[in-house]
Amino acid sequence: CLYLTRVPTTTHTDTMTYESMPAMKLTTKVGNAIHPRLNHKYPHLLAYSATYSGDREVYLMDLRSIATSSSIKVPGTPGGPALRLTYTTGGINSVVGWDED
């Protein structure tokens, strides 16, 4: 499982500071979720790798929470489940980081 314990307080990479908060569980599925990487430009986006489908693949989670009247949550949207980004044969090794763009 992945837990979030600090969040960036600014989106500028040269002055990014982190605010402490109580630990928040981000994932609940069994699947060895590891290698989390926050996006420096958009710190509400988290990429990580997990073995939910057997092979290690990359997932994207939007950490913003938005109260909506709908109970249907779309993968990769605020408050929704993680969106699977890769579909590889044999899986990937890890999430290295984010491109500057």
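It should be emphasised that the depicted structure is a prediction, and the values quoted were computed from it without experimental measurement.

Criteria and thresholds
- Residues numbered from 1 in each chain as written.
- Predicted model: local features only at pLDDT ≥ 70, side-chain atom pairs only at ≥ 80, totals over all residues.
- Heavy atoms only, no water.
- Pairing = 2+ DSSP bridges.
- Helix = DSSP H or I, 4+ residues; strand = E, 2+ residues; numbered from the N terminus.
- Salt bridge = Lys/Arg side-chain N within 4 Å of Asp/Glu carboxyl O.
- Buried < 20%, exposed > 50% of the residue type's maximum accessible area, 1.4 Å probe, protein only.
- Core = buried A, V, L, I, M, F, W, Y, C linked by side-chain atoms within 4.5 Å.
- Contact = heavy atoms within 4.5 Å.
- Polar contact = N/O pair within 3.5 Å; in protein donor to acceptor, adjacent residues only side chain to side chain.

Visitor: Help me understand the sheet that holds strand S3 (residues 34-38), please; the structure alone is not making it clear to me.
Guide: Across a sheet, paired strands are connected by hydrogen bonds in the backbone, their directions being either parallel or antiparallel. As summarised here, the arrangement of the four strands in space is S3-S4-S5-S6, forming an open sheet in which the pairing is antiparallel. The two strands at the open ends of the sheet, each matched to only one other strand, are S3 and strand S6 (83-84). Pairing geometry for strand S5 (residues 57-62) and S6, over two bridges, is antiparallel. Looking across to S6, one finds that tyrosine 59 is bridged to arginine 84.

Visitor: I'm lost on the pattern of salt bridges in this one. Help?
Guide: Where charged atoms of side chains with opposite charge meet at close range, the side chains can pair. Under the defined criterion, the tally for this structure stands at one salt bridge. Of the charged contacts in the structure, one is a salt bridge between glutamate 57 and arginine 84, with a shortest N-O distance of 3.5 Å. Of the two residues, glutamate 57 is situated in strand S5 and arginine 84 in strand S6; the sequence distance between them amounts to 27 residues. Classification of glutamate 57 by relative accessible area gives buried; the value is 1%. You can call arginine 84 partly exposed: its relative accessible area is 23%.

Visitor: Hey, could you run me through unusual backbone geometry in this one?
Guide: Where the residue is not glycine, phi is negative for most of them; where a peptide bond is considered, it is trans in most cases. Non-glycine residue histidine 35 carries a positive phi angle of around 60°. The topology assignment puts histidine 35 in strand S3.

Visitor: Looking at this structure, I do not really get the nonpolar core. What am I missing?
Guide: In summary, soluble globular proteins display a tendency toward joint burial of nonpolar side chains. If you look at the biggest cluster of nonpolar residues, it comprises nine residues: Leu2, Leu4, Leu26, Ala33, Leu46, Tyr48, Ala50, Tyr59 and Met61. Those elements that place two or more of their residues in this core are strand S4 (45-50) and S5. Among the elements that take part in this core, S4 stands out by supplying three residues, more than any other. Aside from chain neighbours lying at most four places away, what touches alanine 33 is Leu2, Thr27, Tyr48, Ser49, Ala50 and Tyr52.

Visitor: Help me understand the pairing of S5 in this model?
Guide: Regular strands place side chains that alternate from one sheet face to the opposite one. The buried fraction of S5 amounts to six of the six residues, a majority that puts the element mostly inside the structure. Judged by which residues are buried, S5 turns out to be covered on both faces: Glu57, Tyr59 and Met61 on one side and Val58, Leu60 and Asp62 on the other are all buried. One ladder, built from six bridges, connects S4 with S5; its direction is antiparallel. Looking at S5, one finds that tyrosine 48 is bridged to tyrosine 59. Where S4 folds back on S5, the antiparallel hairpin that results is connected by six residues, among which glycine 54 adopts a positive phi of roughly 110°.

Visitor: Explain the side chain of glutamate 57 here, please?
Guide: For glutamate 57, the side chain forms a polar contact with the side chain of arginine 84, separated by 3.5 Å. Engagement of the side chain of glutamate 57 in a polar contact is seen with the side chain of threonine 86, the distance being 2.5 Å. Here glutamate 57 is in contact with Tyr48, Ser49, Ala50, Arg84, Thr86, Tyr87, Thr88, Gly91 and Ile92, once residues within four sequence places are set aside.

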